[in-house]
Amino acid sequence: MDDLPSTKQKLRACMVCGLVKNISQFKRDDCENCVQFLNLGSIWKYDDCTTADFEGIAAIINPRDSWVARWNRWNKFQRGIYALRVGGRLSDDIIADMKDAGFNYRPRDGTDQD
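Below: a short report on this structure. (Residues numbered from 1 in each chain as written. Predicted model: local features only at pLDDT ≥ 70, side-chain atom pairs only at ≥ 80, totals over all residues. Heavy atoms only, no water.)

**Points about the overall build of the protein chain**
Right, on to step 1. The helix and strand inventory of the protein chain stands at five helices and five strands.
Right, on to step 2. For the protein chain, the N- to C-terminal ordering of α and β elements is β-β-α-α-α-β-β-α-β-α.
Right, on to step 3. Put simply, the protein chain has 114 residues, and 39% of those count as buried.
Right, on to step 4. Taking the intrachain contacts of the protein chain between residues at least 6 apart in sequence as the baseline, contacts between residues at least 24 apart amount to 51%.
Right, on to step 5. Accessible surface computed for the protein chain: about 6,900 Å², of which carbon and sulfur atoms make up 48%. (Helix = DSSP H or I, 4+ residues; strand = E, 2+ residues; numbered from the N terminus. Buried < 20%, exposed > 50% of the residue type's maximum accessible area, 1.4 Å probe, protein only. Contact = heavy atoms within 4.5 Å. Areas by Shrake-Rupley, 256 points an atom, 1.4 Å probe, with all protein chains shown as cover.)

This is the structure we're talking about:
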């Protein structure tokens, strides 16, 4: 299962979708859910778009059928391990780039209420 973290050391979470991987997996594979607008292969975006500050995890094996995935808005994402809350915020420049590409950023730190 290449999409799951291979080790518990140096785990980080994507600040956009919450996908949890170790550093080498993000560097090698980017974030499969967000690569189209974050292009994490670039070192500066990798550091700016992932964080080690996250709480709780959920393993999502079949995102389309999982109520947990639907509840957390992961149902259109790839299977994997997701952080329930992700600390930190993307920079205004990255948020503007996402908006220009047609994507709406929702912080995953629990402050954005429906």
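**A look at the sheet that holds strand β1 (residues 11-14)**
Right, on to step 1. Judged by pairing direction, the sheet is antiparallel, and its three strands sit side by side in the order β2-β1-β3 without closing on themselves. Every other strand in the sheet has two partners, leaving β2 (20-22) and β3 (50-51) as the edge strands with one partner each.
Right, on to step 2. Summarising the sheet, β1 and β2 pair through three bridges and their orientation is antiparallel. When the bridges of β2 are listed, Leu11 appears paired with Asn22. (Pairing = 2+ DSSP bridges.)

**Digging into the packing of aromatic side chains**
Right, on to step 1. Within the structure shown, the criterion is met by two aromatic pairs.
Right, on to step 2. Arranged with centres 6.2 Å apart and planes meeting at 20°, the rings of Phe77 and Tyr82 form a pair that is stacked.
Right, on to step 3. Among the residues examined, Tyr82 registers a relative accessible area of 0% and is labelled buried.
Right, on to step 4. Following the ring pairs from residue to residue traces out a cluster consisting of Trp74, Phe77 and Tyr82.
Right, on to step 5. Positioned above the aromatic ring of Phe26 is the side chain of Lys21, whose terminal nitrogen or guanidinium carbon lies 5.3 Å from the ring centre. (Phe/Tyr/Trp six-rings, centres within 6.5 Å; stacked < 30°, edge-to-face > 60°. Lys NZ or Arg CZ within 6 Å of the ring centre and 35° of its normal.)

**Digging into the pattern of salt bridges**
Right, on to step 1. Tallied over the full model, the rule gives three salt bridges.
Right, on to step 2. We note a salt bridge from Lys21 to Glu32, for which the minimum N-O separation is 3.0 Å. Linking Lys21 in strand β2 with Glu32 in the loop between α1 (23-29) and α2 (35-38), this pair joins segments that are 11 residues apart in sequence.
Right, on to step 3. The class of Glu32 is partly exposed, set by a relative accessible area of 32%. (Salt bridge = Lys/Arg side-chain N within 4 Å of Asp/Glu carboxyl O.)

**As for the environment of Ile94**
Right, on to step 1. Looking at the element boundaries, Ile94 is found in helix α5 (residues 92-100).
Right, on to step 2. Under the relative-accessibility criterion, Ile94 is labelled buried at 2%.
Right, on to step 3. Each C-alpha atom, one on Ile94 and one on Asp48, is 8.7 Å from the other, the two residues being 46 residues apart in sequence.

**Topic: a negative patch on the surface**
Right, on to step 1. Together, Asp92, Asp93, Asp97 and Asp100 give the surface a local cluster of negative charge.
Right, on to step 2. For Asp97, a relative accessible area of 39% gives the class partly exposed. (Patch = residues over 30% accessible without salt bridge, like charges linked within 9 Å, V, L, I, M, F, W, Y side chains within 5 Å. Lys, Arg positive; Asp, Glu negative; His and termini not counted. Charge placed at Lys NZ, Arg CZ, Asp CG, Glu CD.)

**Some words on the side chain of Ser66**
Right, on to step 1. Along the chain, the position of Ser66 falls in the loop between β4 (54-60) and α4 (67-71).
Right, on to step 2. Among the residues examined, Ser66 registers a relative accessible area of 17% and is labelled buried.
Right, on to step 3. Polar side-chain contacts of Ser66 include one of 3.0 Å to the backbone nitrogen of Ala69. (Polar contact = N/O pair within 3.5 Å; in protein donor to acceptor, adjacent residues only side chain to side chain.)

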